[in-house]
Structures are given as C-alpha cells and as structure tokens.
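If you want the building blocks of each chain, they are given just below.
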2 protein chains.
Amino acid sequence: MKRLAILGSTGSIGKSTLSIVEQFPERYSVAALAAGRNVEGAFAQSLRWLPRVVSLATEDLAAELASRFRQAGVTGIETVHGTAGTIACATLPEADFVVSAIVGVAGLEATHAAILAGKPVGLANKECMVAAGEILTAAARERKVPILPIDSEHNAVHQCLRVGAHSEVKTIWLTASGGPFRQLALDQFESITPEQALKHPTWVMGRRITVDSATMLNKGLEIIEACRLFDVAPSQVRVTIHPQSTVHSLVEFVDGSILAQISITDMRLPILYALAWPERPASSLTFDLGALRHLEFEQPDFERFPCLRLAFEAAEKGGAHCIALNAADEVAVGAFLERRIPFTGIPRTIEKVLAATPEAHPATIAGVLASDRDARERARALLA
Amino acid sequence: MKRLAILGSTGSIGKSTLSIVEQFPERYSVAALAAGRNVEGAFAQSLRWLPRVVSLATEDLAAELASRFRQAGVTGIETVHGTAGTIACATLPEADFVVSAIVGVAGLEATHAAILAGKPVGLANKECMVAAGEILTAAARERKVPILPIDSEHNAVHQCLRVGAHSEVKTIWLTASGGPFRQLALDQFESITPEQALKHPTWVMGRRITVDSATMLNKGLEIIEACRLFDVAPSQVRVTIHPQSTVHSLVEFVDGSILAQISITDMRLPILYALAWPERPASSLTFDLGALRHLEFEQPDFERFPCLRLAFEAAEKGGAHCIALNAADEVAVGAFLERRIPFTGIPRTIEKVLAATPEAHPATIAGVLASDRDARERARALLA
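Computed from a predicted structure; not experimentally measured. (Residues numbered from 1 in each chain as written. Chains lettered and ligands numbered in written order. Predicted model: local features only at pLDDT ≥ 70, side-chain atom pairs only at ≥ 80, totals over all residues. Heavy atoms only, no water.)

Engineer: Which residues make up the overall build of chain A, and what values go with them?
Structural biologist: Within chain A one finds 15 helices and 12 strands. Its C-alpha radius of gyration of 20 Å places chain A within 12% of the 21 Å reference for a compact globule of 384 residues. The principal-axis extents of the C-alpha atoms in chain A amount to approximately 60 × 55 × 40 Å. Put simply, chain A has 384 residues, and 62% of those count as buried. Across chain A, every contact between residues at least 6 apart in sequence was considered, and the portion connecting residues at least 24 apart equals 72%. Per element, the accessible surface of chain A, about 14,300 Å² overall, is 53% carbon and sulfur. If the 37 positive side-chain charges of chain A are averaged to one point and the 42 negative ones to another, these points end up 2 Å apart. (Helix = DSSP H or I, 4+ residues; strand = E, 2+ residues; numbered from the N terminus. Rg over C-alpha atoms; globule rule 2.2 N^0.38 Å. Buried < 20%, exposed > 50% of the residue type's maximum accessible area, 1.4 Å probe, protein only. Contact = heavy atoms within 4.5 Å. Areas by Shrake-Rupley, 256 points an atom, 1.4 Å probe, with all protein chains shown as cover. Lys, Arg positive; Asp, Glu negative; His and termini not counted. Charge placed at Lys NZ, Arg CZ, Asp CG, Glu CD.)

Engineer: Tell me what's going on with the state of the cysteines, and back it up with residues and numbers.
Structural biologist: Residues and elements named next belong to chain A. Inspection of every chain in the model, using the stated rule, returns zero disulfides over all chains. Between Cys 227, a free cysteine, and Cys 322, which holds the nearest cysteine sulfur, the sulfur-to-sulfur gap is 8.1 Å. Taking relative accessible area as the criterion, Cys 227 reaches 7% and is therefore assigned buried. (Disulfide = S-S within 2.5 Å.)

Engineer: Now, about the interface of chain A and chain B: what can you tell me, with residues and values included?
Structural biologist: Across the boundary between the two partners, chain A contributes 44 residues, which contact 44 residues of chain B. In total, about 3,600 Å² of surface goes out of reach between chain A and chain B, with carbon and sulfur atoms giving 55% of it. Of all residues in chain A, A:Asp255, A:Arg280 and A:Leu289 bury the most surface against chain B, accounting for 20% of the area lost on that side. On inspection of chain A and its partner chain B, the count reaches two salt bridges. A salt bridge links A:Asp255 to B:Arg280; its shortest N-O distance comes to 2.9 Å. In this assembly, chain A and chain B are joined by 22 residue pairs in polar contact (both at pLDDT 80 or more). Mapped onto the side of chain A that touches chain B, the elements with two or more residues apiece are α7 (152-160), β8 (169-176), β10 (247-253), β11 (258-262), α11 (268-276) and β12 (294-296) of chain A. The biggest single contributor to the side of chain A that touches chain B is β11(A), with five residues. (Buried area = accessible area lost by both parts, 1.4 Å probe. Salt bridge = Lys/Arg side-chain N within 4 Å of Asp/Glu carboxyl O. Polar contact = N/O pair within 3.5 Å; in protein donor to acceptor, adjacent residues only side chain to side chain.)

Engineer: A description of the pattern of salt bridges should follow, citing residues and the corresponding values.
Structural biologist: Residues and elements named next belong to chain A. Evaluated as defined, the whole model comprises 54 salt bridges over all chains. The salt bridge involving Glu 153 is made with Lys 219; its shortest N-O contact spans 2.8 Å. Pair noted here: Glu 153 is in helix α7 and Lys 219 is in helix α10 (residues 217-230), with a separation of 66 residues, a long-range link. Residue classification places Glu 153 among the buried residues on the basis of a relative accessible area of 11%. Between Asp 372 and Arg 376 there is a salt bridge, and its shortest N-O distance comes to 2.7 Å.

Engineer: Now, about the sheet that holds strand β1 (residues 2-7) of chain B: what can you tell me, with residues and values included?
Structural biologist: Residues and elements named next belong to chain B. Pairing in this open sheet of seven strands is parallel, and the strands run β4-β3-β2-β1-β5-β6-β7 from one edge to the other. Lying at the two open borders of the sheet, with one neighbouring strand each, are β4 (78-81) and β7 (147-149). Going across the sheet, the axis of each strand differs from the next one's by a mean of 25°, ignoring polarity. Direction of pairing for strand β6 (residues 121-123) relative to β7: parallel, over a ladder of three bridges. Note that in β7 the partner of Val 121 across the bridge is Ile 147. On the sheet, helix α4 (residues 82-90) packs against β1, β2 (28-34), β3 (53-56), β4 and β5 (97-100) and is oriented at approximately 150° with respect to β3. (Pairing = 2+ DSSP bridges. Axes fitted to C-alpha atoms, helices over the stretch in contact; angles between N-to-C directions.)

Engineer: Talk me through the pairing of strand β10 (residues 247-253) of chain B; I want residue IDs and the actual numbers.
Structural biologist: Residue and element names in this part refer to chain B. Judged by how many residues are buried, β10 sits mostly within the fold: seven of seven residues are covered. Bridge count for strand β8 (residues 169-176) against β10 is five bridges, and the pairing is antiparallel. By the bridge assignment, Leu 174 is partnered in β10 with Ser 249. Of the pairings in the sheet, the one linking β10 to strand β11 (residues 258-262) comprises five bridges and is antiparallel in character. Following the sheet pairing, Glu 252 is matched in β11 by Ile 258. In this antiparallel pair of consecutive strands, β10 and β11, the connection spans four residues, and Gly 256 shows a positive phi of 115°.

Engineer: Kindly report on the packing of helix α2 (residues 39-49) of chain A against helix α3 (residues 59-72) of chain A, identifying the contributing residues and their values.
Structural biologist: All names here are of chain A. Closest axis-to-axis distance for the α2/α3 pair is 10 Å, and the angle between their directions is 40°. One element, α2, and the other, α3, form an angle in the oblique class. Regarding α2 and α3, the two cross each other, and that crossing is right-handed. Residues Val 39, Glu 40, Ala 42, Phe 43 and Ser 46 of α2 touch α3, and the partners they reach there are Leu 61, Glu 64, Leu 65, Arg 68, Phe 69 and Ala 72. Within the contact of α2 with α3, the residues separate by chemical class into seven nonpolar, one polar and three charged. (Parallel < 35°, antiparallel > 145°, perpendicular 65-115°, else oblique. Left-handed = near helix turned anticlockwise from the far one by under 90°. Nonpolar A, V, L, I, M, F, W, Y, C, P; charged D, E, K, R; others polar.)

Engineer: Could you give me a rundown of the relation of the copies chain A and chain B, with the residues and numbers involved?
Structural biologist: Superposing chain A onto chain B requires a rotation of 180° together with a translation of 0.0 Å along the rotation axis, leaving an RMSD of 0.0 Å. These values place the two chain copies in the arrangement generated by a two-fold rotation axis. A shared binding surface is used by both copies, with 100% of the interface residues of chain A retained as interface residues in chain B. (Least-squares fit on C-alpha atoms with pLDDT ≥ 70 in both.)

Engineer: Describe in detail the environment of B:Leu250, supporting the description with residues and values.
Structural biologist: Assignment of secondary structure puts B:Leu250 in strand β10. Since its relative accessible area comes to 1%, B:Leu250 is described here as buried. Each residue touching B:Leu250, except ones within four places of it in the same chain, is listed here: A:Ile262, A:Leu289, B:Thr171, B:Ile172, B:Trp173, B:Thr175, B:Thr240, B:Ile258, B:Leu259 and B:Ala260.

Engineer: Got a sec to walk through the sheet that holds β11(A)? Specific residues and values, please.
Structural biologist: Strand order in this open sheet of eight strands is β9(A)-β8(A)-β10(A)-β11(A)-β11(B)-β10(B)-β8(B)-β9(B), and the pairing throughout is mixed. The open sheet has two edge strands with one neighbour each: β9 (237-241) of chain A together with β9 (237-241) of chain B. Mean inter-strand twist for the sheet, computed between neighbouring axes without regard to direction, equals 25°. The pairing of β8(A) with β9(A) spans five bridges and is classified as parallel. Bridge pairing links A:Leu174 to A:Val239 in β9(A). The strands that helix α7 (residues 152-160) of chain B touches are β11 of chain A together with β8, β10 and β11 of chain B; relative to β10(B), the one it contacts most, it runs at about 40°. Together, β8 and β9 of chain B form the strand contacts of helix α10 (residues 217-230) of chain B, whose direction differs from that of β8(B) by roughly 150°.

Laid out in structure tokens, this is it:
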C-alpha cells in the first residue's frame, strides 16, 4: 500500500490522482492533501479519503476547514497552511509518495523538501524542473529518490528510455500538437485574440498552459524539463509536431532504433504509471490500436513559434535564463489575456527579459525564487 | 570481442551480418561459416574473415573448397559438410554467438545444437520457431540461453518488451506491409500471377517469402513465432497493416501504454541489435524522424487473407499443425510459382493439409522433421 501526499489535490491532476486511488484501493491510500484556496473541495476530499493532514493556502482558510471538520464531527485530520503547511504534507513521515501538482513555482519548495525527505515524487509541475531542475535532480541523485514525470510527453520518454542505457540515447523527440495556429498565416499572428488562443485542439487544460500551447512556449518549457529530468543536452532534444497527440513522445538511440509511446490522451495514465512504477497495473485506460488509421508529423516552424527558439537558447544558458523564460512568459500571458499586449507580444516580452537577464545559476531554492521575482519585475516593468 | 558462427553466411542475412562485422571490427570476428552450396561465396568470405571452420552442403563441395584453399595457400581453415558440418559450426567451442540464418527447416538441427551447447542465438529463421518453437524455447530456458530475434517485427517486439514485465503484456501487435494485394478486388485474387506476387512494396526478399508476404502467410508464421519467442497465447497477438513498414511492431501493456519501435527498413539494424544486446552500439543506420510525415494503419481483412486465419488456428492447436502450416505453404507456393495452382490455391491447399493433420506435439527435433515430411507429402499428394 502506497500512502500518497497530493500537493494540488483539487486541481485537475490532483483529481485525476484521486480517481486512480479510487480505482486501486488495494494499492493506494491518501496521507496528505494540499488544496490551495479551495476549502469546499478540500473538505469533500477529506471526508472521502481521510488523510492525516490537509493544507490550505492561508491560516484563515485552514481555520475554516477545521471548523467544518468540527461541525461534521470529523476528528483526526490535522489542518495546516501556507508554504510550511504544504511542506508538512510533502514530508509527512506516513507518506510514501508525493504527487507534486501545484501549478507554478509555488510548489517548488515543497517538492524540494519531499526529495530531501527521501520521498519518491510524481512530478506534474513543469515549472519546478524549469526553474530549479539542477537543484532538484542533484538532490534526487544524492538521495537516490526517483522523480517520475506525470506530464504525458516526459512520461512517454521515461518509458521509452527503459529500452536502452543513458549513454545510448541520441535524441529525445517531444511531440507537440502544434496548437490552434499551426497552419495560420504568419501575418495573422499579430491579431490573435485570447478567445482564439484558449481553444486547444486535443487537451483541455488551464488558461496559461493553453496559451503556452498556442505559442509553443509550453513545449519550450518541456525541452528544458527534458534536459533536466533525463540529463541530456539541449542539442539532444527535438520537437516534432503531431496533431493527433497519439504518440506522446519518442526516444532515438545511437544504434538507430526509435521507441515511441502511444496511449489515450488521459492524464490518469501517466499518473498511474508514476504511482505504480516500476510496475504496470491493469487499467481500463486502453487505446484502440485496431481503430488507429493514420498519424501525421511535421517539423515545427521556428519563425511561426519563436518561443521554441527562445527556449532552446535559455536551455543552453541554463540557470537564471530558464527561470526568466518561465517567469516572463507567465507575466506576458497574463498581459495578453487582459488584452494589454498582442499574441506576438508574448515572445517579444520574453526575448527582452532574457536579453536583460544576467547569466547566473542559483544554487538554492531561495536563490531560484529571488531570480524568479527579478524576472517577473523586469517583465512587468517592460509591459507597464 | 564476440566470435560469431554464421549459419547461412552467403544468404542475405549472412551477408548483412558480415557487413556489421566489417563496421565493428573491435566487437566482432568470425569463427565459423556455413554456406550451403555456394563454394565461390564461401571461398571469398573465408579469405576475408579467416574463420576456423567452413561448412558446405555436401562432401564434394567441401572438398572443392579445401582444394581452392590449398591452391591459394590458405591454411588453418577446416572444411566440413552436411548437417553434421553445420552443427559443428553451431557448436564450435570458439564461437560465442550463433547467427541462425539458414532458410527453412534445414537450419533447425544446428540451431537446436547451438542452444544445447549454451550459445546465444540470433534467430533469422522463422521456420525454426514455427516448427520447433516449443523444443527450442524449452532448451533455451533450461540453459538460460538468450534467443534474439533478427526479423524486424520480433526484434521490435523484443525491444518494446523491455519497458515492462512479461505478466504486464496484453497484446503484441505485429505490423504487416499488407503486400501488393492489400487493395485488390477480391474477385481478382484467383488470377494473380507469380510475377504480380513477386513484387513486394517495401522489402526485397527471397521468392517464397515474397509470395508469403502477398498471401500474408508470412505474417501468420510470425504470429506463431511471436507466441513461441515471447511465451504468449495466440489471442495475445494481433496484426495491423502498416503499408510504410516504418513502425516495425508494437507491444500493448495492461495499463494501457503501447510501445512502438521505428527504424529504417534495413536488416542490419536488427542484426546489430541481436549481436550487441543488451548494448546498443552507435551506428549510421539512422531513421530521419524529422522527415517523417505520416503513418497509416488499417485492419487486416481475414477474407482477403485466409492464411492469417489459418495461422491463428494452427497457433491455437500448436505442434504438428504449426509444422504443417509451414510445410504445406512451402509446397503450395512452389506449385503456384510453377503455375500449377492459382494464388488462391495456396490457402486452399494449406487448409486441406491442416484438416488432415492429426493433433500431435513432437518432443524431439527428429519428430519435428518427420512431421514436416508427412505434411509435405500430404501437400504434394493433394497437388498431384
């Protein structure tokens, strides 16, 4: 029985994780939940899963939850709050596995703490790896803690890598849907609206990640994540556009063999893989290969998607440049969604922030967070 | 340094194996060659590779080769002949690895002898596994000898299987080009000529295997081979038609993940994989994934390809029925190429021979060979 600490339990990945726990009650139980600002969701999940600890964003919210527990006659569930609360969940002695699914750098400290505490981590938060990948992977190596990627691409890569040695990997090929503007005329990009950018052809996701998918900055973050997670150079990562999102990624080995992973587009599958690794429990998340008719691939156009180029440049420089790529994008996407800058303003903002970023490699999480704040301020100043 | 015994050295797989030895002189050398009736080829290969032993089909041919050696002043190469000669090559103490690439059941005894002698085998001869798979795999298990499949489909499966446990395999999906008659109207099948059947869309191969590819009996043999090699039930093997022959096969796991292997259509790649396993040496046999545009798949039509149905039926019964499937097909294809029966006469002949085959499971190679002779006689009698 694996007892899980789920950081971000009321988000999409958190809910999918709980649906896996529901399907495999003999394998998984819930030790801790961190649920941000969602008291109602945290209350309902607590009643269903009876964790030892629940964390919310603030002291007030935690007090509200504790009062709901008292009213309902629920005892034995501790309520905690803030970053310290999330860290308490991530390092709970009873927890055997931590699902890190808090969006953004907010989940960074807790993920780091989980690794330092020797907990295997299922990582759904790509910003963690982009901003602090060097620190997290060094800690994981030192403590021999596995980090299992939960996004579909890196999860696919993790699977494909099992057929060869690390030194035999030539290229990691990340697939990308290409987003809604894969075939739009270049001169139309300036006038793309938030409504257009928020339509994703295959996955239903949050607002920032959907816009990131349209600019392909999302894929850029995944390039950096792949370099960190799998210890490869940026030149060993490539992107291929695959509109069907059926092949989730591929790994090319030095002998010439390429391994690809195919499955349904359902996040429960990479979650199950991460939770159960190295085992594969039988699930109903099947892909009907007999009904597969055709798969298309095309080369990404770096002119159409300058964010891809910027991501490769940031990946080469590492450290503060990766932090700035992510931070500047989040600020720029916010400005785009508020109609303060055009769609093409997103890469322009990132490029300017990157150009103003001094080369640096923060060695601590505090240093990463300071670098992240600097980049956000720089982006906001640029957009003011 | 691995010293190879190559059974079938002057055939297509034998030559490709030697080209791998040529590319990796620090990894491989040649200990023994078995070359059938090709004195000229055996002589040239011997001069180049200086094996310890060379075997030819008959005493006369071996004597001719020995005389060529004397004339050329070559010493230290022993010439042997016949089945005993091939077995001597396969069991040579100096050989570390045996490439079994003699077509048909002729290579069976030597392959069995290699396994009994504890030699790892690279198996390019699918008839061995179809006719005597139960015996060969039992011997390999007992002696802990790896059998590395050299045909592209099973080699792909072998790679994909590395990402999970045997108990986690749900379905092995063999890809098939579908041959030249994938889209031909059903009422045209009766009048297919040998010339039409000998044109294969993607691979250049021998005559029988090209016709077998057109009837899909070839894929049928591979279904049986997969059951034996990977210890799965016939119901765990399926076929998907994939005209590009880019995906060489796939493995579906019980959790819902499917792994696929992609590479160029060049037999040197599965040969290198088998020779080097579990390592992957860097090679120039690369597939340009960046140039990949689309992959098509379709369901095989069992009415169009009755040989597939017959193969599944034979796989379920095992033993003598698998032997008869292969033997009857070889006789029927010969008759088709001599224009004595129509294309559709091939499955009709096999079906009749299978119907007349008593259920039996030969436990010795001699028993397999006797069963093979019986089936051939039955097929010949039917066609007389």
